[in-house]
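# Survey of secondary and tertiary structure
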Amino acid sequence: MRIERGPKKSRSGAIRASLLGAIGVGVAMLVAACGGSSGPSQAVARAGNPKACSSLNLYTWEGEAPASLLKPFEQQYGVPVKVSYITSGAESLAKMAAGGAKQYDVIFDGSEDTLPMKEAGVIKPLDTSKFPEYSKLFPFTTKTFEVGGKVYTLSEDWGKNPFIYSTNVLKTPPTSWAALWSPQLKGQVSLWEDVSLIWIGASVLGYDKNPEQLFHLSQAQLTAIKNKMLQLKGNVRTVWNSGGDLIQLFATHEVGAAQGWSFIYNELKAKHEPVAEAKLADMGAQGWAEGASLSSDISANCEAAAYEFLNWTIAPKGAAALAASSGYTPSNPGAATYMSKKLIEQTGLNNPKAFLGSAIFKQALADPQAYNQTMEEIIAGLH
Amino acid sequence: MTLIRKHRWLQAMILIAPAAIWGAFFIVFPVFDAVKMSLSQMQYYHLVSNWTLENFHTIFSNSLYTDALVRSVTRGLIVAVLAVALSLPLAHFISFRVKRHQFVWFGAVVVALWLGYLLCIIGWRLLLGRDGVINGILTGIGVLKHPTGGLVFNSVAVIIVQTHLAMSFSFIPIFVVMQRVPHRLMQAAADLGAGRWRQIIEVEMPLIGVGVTIGAVFAFVLSFGDYLAPTLVGDPGSLGIANLAAGEFEHGLDWPVGAAIGVVMIVVVLIALMLPPVTIAISRWISRTRLERGVQHLAVPTAAAGDVAAR
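This is a predicted model, so every value here is computed, not measured.

Analysis parameters
- Residues numbered from 1 in each chain as written.
- Chains lettered and ligands numbered in written order.
- Predicted model: local features only at pLDDT ≥ 70, side-chain atom pairs only at ≥ 80, totals over all residues.
- Helix = DSSP H or I, 4+ residues; strand = E, 2+ residues; numbered from the N terminus.
- Buried ≥ 20, exposed ≤ 12 C-beta atoms within 10 Å, placed from the backbone.
- Contact = placed C-beta atoms within 7 Å.
- Pairing = 2+ DSSP bridges.
- Axes fitted to C-alpha atoms, helices over the stretch in contact; angles between N-to-C directions.
- Parallel < 35°, antiparallel > 145°, perpendicular 65-115°, else oblique.
- Left-handed = near helix turned anticlockwise from the far one by under 90°.
- Nonpolar A, V, L, I, M, F, W, Y, C, P; charged D, E, K, R; others polar.
- Core = buried A, V, L, I, M, F, W, Y, C linked by C-beta atoms within 7 Å.
- pLDDT = per-residue confidence, 0-100.
- Bend = angle between axes of the 7 residues up to and from the residue.
- Right-handed = clockwise from strand over helix to strand, strands pointing away.
- Expected span 1.5 Å × (residues − 1).

## Side note on the overall build of chain B
Helix and strand content of chain B: 14 helices and 2 strands. With the C-alpha coordinates of chain B rotated into their principal frame, the extents come out at 95 × 80 × 45 Å. Residue burial in chain B is summarised as follows: out of 311 residues, 34% are buried. In chain B, once contacts between residues fewer than 6 apart in sequence are set aside, the share between residues at least 24 apart is 72%.

Given below as structure tokens:
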């Protein structure tokens, strides 16, 4: 779950020309579709005219709706895409449950949000046969969005939350989260105010050996993690809760080590800050994948338009446009064809497995309240 | 029109209606919704109205929440005292010492205090940080050998920042009531031999009590509900009750507990808001009592003088 996204960048006009091919395939698929009216629980796209959709309402993260992604679609179909921005996964779930399902057509959510959204009845299953590129997407990302054998979210991009450290503070590259407990880091650590700090303790205690277990931790395990994390007292200087916050903390030398985001790391490197990303053998559940879902209340015409739009977002050129804007790794490896060498390396698309490393993708928590309370108790106990 | 002219209650209704509608939409309904949510429960990511007090039991039976509540109230009180203590001399100086262009001074103070909320916090973080101005001065004059990290990311830093933020809210009501203190009263007190401090304590303070109380309440409410300063300049243990409420919505997906924290916060704020009317009542009672005592005090010599005259 991220709050800030990378800056927008201008896209080349070549995307517009290439859009025709991707949309053409989508239109052909749509014409071939002959499903009648279907309920929200059925993974069948209803017949509809995409051009008859008055506007496609997109609910996504900042930096993930660049003009280079939206304009070609809008020009092709004459359907304006209206964008609203998410600040957190929980906020999007709250909004959707409070009537947002009628307001938004396409929602970007993380792998950990798909199950809650499905349970809340605000998204509907997707007909993956409508996506010609679907089989080309990284399987390790697409499977994170399956619930009960159905796909509710179309995988768009993925990444991880790395261990960032100052090379001025730590001379030897850390190989485990356990390095955070090092006396060298006294008063130098910043923790993200997020439940994912629990997985740092879980990794150090070895609970990540069974990835599934990380999302179903018992109260005894959560207590053990809390006790372990409280031993960080003295090392933890502050908690952070926005990308800009951590960037400033590193840039002003207030902290020397933190669990961060790839976006933060890239920004710090771009500012020539002396930081490095640790290659850990015990990353734990610091991986994330996100994608697009369809609102359960979407109209037939807008659903048809949404399928066209989603096809474009995962097509190599569309996915490359999205990656250039967000800085995150596209789920379609074919996007590399249209990405710069620097961006390919930055997003790890040249070696995705190595880029992901030992990180495990987040899933929905069995008991979010227990995790949240443990996180709050850890933070409160660290002073 | 005749109907309206005929019935005074209808005229009153028409006059009150805009404010009542505004209040209903922006105050009554949201608060009612928060209270309703606080009595509900989350089941499979759905809000279920159970009309239960379980969420309040969760809050008051867990030291995580009660400690944060006590921390926020204590910090709010400290900030209120500091904000008033700093605003009083400033308002007094502008009201009684500045002879010309008083409102330019007032405007300058208010504008300086009304910097962007986030900008203020980040500014203080930079000022107090390892690479900050204060560390630079302390190392420059040889007080410190190396910059210290102890100036920021602690409870004291949160109080400093919140006091700065709250000062604009405490300064304005204090300045406004000071404007209504007749200068001749101070002059009269001086003529009768009262020193500067006695003038302030016995003449000025009783007249500005309401403004001071309102300023203190504003400062308390701002600090009590503040979410950002503890996050951006506090240590992990500085997080207050507002941060826990946000966490229930953001991470815990337990909106009813978050709403219950919100309701508890509303009650605390309402109690704080009761202070100004209570203060007014108390100050009126004190004034009345003093007046009565003064009358009695004056009555005794008069009677004695009468006796002397009769003799």
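There is more to say after this.
## Here's the deal with the overall build of chain A
The helix and strand tally for chain A stands at 14 helices and 15 strands. Counting across all 383 residues of chain A, residues that qualify as buried make up 55%. Looking at chain A alone, contacts between residues at least 24 apart form 76% of all its contacts between residues at least 6 apart.

## Structural notes on the sheet that holds strand S9 (residues 189-192) of chain A
Residue and element names in this part refer to chain A. One open sheet accounts for 5 strands, arranged S10-S9-S11-S8-S12; its pairing is mixed. If you trace the sheet from one side to the other, it starts and ends with strand S10 (236-240) and strand S12 (275-277), each paired once. This sheet shows a mean twist of 20 degrees between the axes of neighbouring strands, independent of strand direction. Contacting strand S8 (163-166), S9, S10, strand S11 (257-259) and S12, helix H8 (residues 243-251) crosses the sheet at an angle of about 150 degrees to S10. Running at roughly 145 degrees to S12, helix H9 (residues 262-270) makes contact with S8 and S12 of the sheet.

## Quick notes on the packing of H8(A) against H9(A)
Residue and element names in this part refer to chain A. At a minimum axis separation of 10 Å, H8 and H9 run at an interaxial angle of 40 degrees. Considering their axes alone, H8 and H9 lie oblique with respect to each other. Crossing hand, H8 versus H9: right-handed. Between H8, through Gly243, Leu246, Ile247 and Phe250, and H9, the contact on the second element is made entirely by Phe263, Ile264, Glu267 and Leu268. In the contact of H8 with H9, the residues fall into 6 nonpolar, 1 polar and 1 charged.

## Focus: the nonpolar core
By size, the foremost hydrophobic cluster in this structure holds 133 residues, and its most contacted members are Leu56(A), Val106(A), Val189(A), Leu197(A), Ala305(A), Ala306(A) and Ile261(B). With 43 residues, the next largest nonpolar core counts Leu82(B), Leu222(B), Phe224(B) and Ala229(B) among its residues.

## As for the interface of chain B and chain A
On the chain A side, the residues contacting the 29 residues of chain B number 29 residues. Looking at the side of chain B that touches chain A, the elements with two or more residues in it are helix H4 (63-97), helix H11 (228-233) and helix H12 (241-250) of chain B. No other element matches H12(B), which puts 5 residues into the side of chain B that touches chain A. Each residue belonging to the side of chain B that touches chain A can be placed in one class, and the counts come to 13 nonpolar, 9 polar and 7 charged.

## Some thoughts on the confidence of the model for chain A
Averaged over all residues, the pLDDT of chain A equals 87, while 88% of them reach at least 70. Under a pLDDT of 50 for its full length, residues 1-43 of chain A has, in the predicted model, 86 contacts with residues more than four places off or in other chains.

## What to know about unusual backbone geometry
Phi at His253(A) is positive, roughly 60 degrees, even though this residue is not glycine. Mapped onto the elements, His253(A) comes out in the loop between H8 and S11. The backbone of Phe153(B) shows a phi angle near 65 degrees, a positive value even though the residue is not glycine. Here Phe153(B) shows up in the loop between helix H7 (133-140) and helix H8 (155-179).

## Description of helix H2 (residues 8-38) of chain B
At Ala17(B), H2(B) shows its largest bend, some 45 degrees, and a proline, Pro18(B), comes one to four positions later. With 2 of 31 residues buried, H2(B) is to be regarded as a mostly surface element.

## Concerning the environment of Asn57(A)
Structurally, the position occupied by Asn57(A) is in strand S1 (residues 56-61). Setting aside chain neighbours within four positions, we find Asn57(A) in contact with Lys82(A), Gln103(A), Tyr104(A) and Asp105(A).

## Quick look at the packing of helix H6 (residues 197-204) of chain A against helix H7 (residues 219-230) of chain A
All names here are of chain A. Viewed as axis vectors pointing N to C, H6 and H7 meet at an angle of 95 degrees, and their least axial separation amounts to 9 Å. In terms of their interaxial angle, H6 and H7 are classed as roughly perpendicular. Here Leu197, Ile198, Gly201, Ala202 and Val204 of H6 come into contact with H7, specifically with Ile225, Lys228 and Met229. Classifying every residue of the contact of H6 with H7 gives 6 nonpolar, 1 polar and 1 charged.

## Observations concerning the pairing of strand S7 (residues 154-160) of chain A
Residues and elements named next belong to chain A. Across the 7 residues of S7, 7 count as buried, placing the element largely inside the fold. Pairing of S7 with strand S13 (residues 284-295) involves 6 bridges; the strand directions are antiparallel. Bridged to Lys160 within S13 is Gly287. Sheet analysis places S7 next to strand S14 (residues 329-330), joined by 2 bridges and oriented antiparallel. Paired with Asp157 across the two strands is Pro330, which belongs to S14.

## What to know about the confidence of the model for chain B
Residue and element names in this part refer to chain B. Per-residue confidence for chain B gives a mean pLDDT of 89; residues scoring 70 or more make up 94%. Considering only residues more than four positions removed or in separate chains, one finds that residues 302-311, a stretch of pLDDT under 50, has 0 contacts. Taken over the whole predicted complex, pTM reads 0.80, whereas the ipTM for its chain interfaces reads 0.76.

## With respect to the environment of Pro368(A)
By the element assignment, Pro368(A) lies in helix H14 (residues 368-381). Between the alpha carbons of Pro368(A) and Val195(A) there is a distance of 8.8 Å; along the sequence they are 173 residues apart.

## Observations regarding the pairing of S1(A)
All names here are of chain A. With 6 of 6 residues buried, S1 is to be regarded as a mostly interior element. The handedness of the S1 to strand S2 (residues 81-86) crossover, carried by helix H2 (residues 67-77), is right-handed. As defined by bridge partners, S1 adjoins strand S3 (residues 106-110) across 2 bridges and the pair is classed as parallel. Directly across from Leu58, in S3, lies its bridge partner Val106.

## Observations regarding the environment of Leu126(B)
For Leu126(B), the position within the fold is in helix H6 (residues 117-128). Sequence separation of Leu126(B) and Ala20(B) is 106 residues, and the distance between their C-alpha atoms is 45 Å. Once residues within four sequence positions are removed from consideration, Leu126(B) is found in contact with Thr252(A) and Gly132(B).

## Observations regarding helix H10 (residues 300-314) of chain A
When the terminal C-alpha atoms of H10(A) are compared, their 21 Å separation across 15 residues agrees well with the 21 Å that a helix rising 1.5 Å per residue should span. Within H10(A), 13 of the 15 residues are buried, leaving the element largely enclosed by the surrounding structure.

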